[in-house]
Amino acid sequence: MAKKNARVSCINKDDRYDPIERITHIGGVADRRWKITQPHAIELIESGEWGFYVNERGQTVWIVVATSRFGNKYLKTKADGEEPNNLLSLPECPA
């Protein structure tokens, strides 16, 4: 089965100060509006079923799974260093 790709255009985050743990959901619009939890997105990326990306100044920037120094998995974009700034700068997804 071919891998599917989806553009992420919004996120939800909680009030934690640690940027790695702030993102709770990612979302976007394809045929309809969609939103999934960060753990579900991590599963889909690691299984190879889905790839997610953001569009940064006209460039496709892929979202990858990273592991914090405490062993927690989180999402970030390839272009970012330690902090997932490309994702954190996206607007909040509607409820």
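In case you missed it, the structure is sitting above this.
Model, not experiment: these values are computed from the prediction.

> Lay out the packing of aromatic side chains with the relevant residues and their values.
A full pass over the atoms with the stated rule returns 3 aromatic pairs. A ring pair is formed by tryptophan 34 and phenylalanine 52, whose centres lie 5.8 Å apart and whose planes are at 35°; its orientation type is tilted. Taken together, the positions of tryptophan 34 in strand S4 (residues 33-37) and phenylalanine 52 in strand S5 (residues 50-56) put the pair 18 residues apart, joining distant regions of the chain. Phenylalanine 52 carries the same exposure label as tryptophan 34, and that label is buried. With 6.1 Å between their ring centres and 10° between their planes, tryptophan 50 and phenylalanine 52 make a pair best called stacked. Counting every residue linked through ring pairs, the aromatic cluster contains Trp34, Trp50 and Phe52. Lying across the ring of tryptophan 62, lysine 3 places its NZ or CZ 5.8 Å from the centre.

> An account of the nonpolar core is needed here, citing residue identities and associated values.
Counting 19 residues, the largest nonpolar core has Val8, Ile26, Phe52, Ile63 and Leu75 as the members making the most contacts within it. Listing elements by their share of this core, those giving two or more residues are strand S3 (23-29), S4, helix H2 (38-47), S5, strand S6 (59-67) and helix H3 (85-88). Sorting elements by how many residues they give to this core places H2 first, with 4 residues. Apart from residues lying up to four places away in sequence, isoleucine 63 is in contact with Val8, Ile45, Phe52, Tyr53, Val54, Leu75, Lys76, Thr77 and Leu87.

Quick notes on the rules
- Residues numbered from 1 in each chain as written.
- Predicted model: local features only at pLDDT ≥ 70, side-chain atom pairs only at ≥ 80, totals over all residues.
- Heavy atoms only, no water.
- Phe/Tyr/Trp six-rings, centres within 6.5 Å; stacked < 30°, edge-to-face > 60°.
- Helix = DSSP H or I, 4+ residues; strand = E, 2+ residues; numbered from the N terminus.
- Buried < 20%, exposed > 50% of the residue type's maximum accessible area, 1.4 Å probe, protein only.
- Lys NZ or Arg CZ within 6 Å of the ring centre and 35° of its normal.
- Core = buried A, V, L, I, M, F, W, Y, C linked by side-chain atoms within 4.5 Å.
- Contact = heavy atoms within 4.5 Å.

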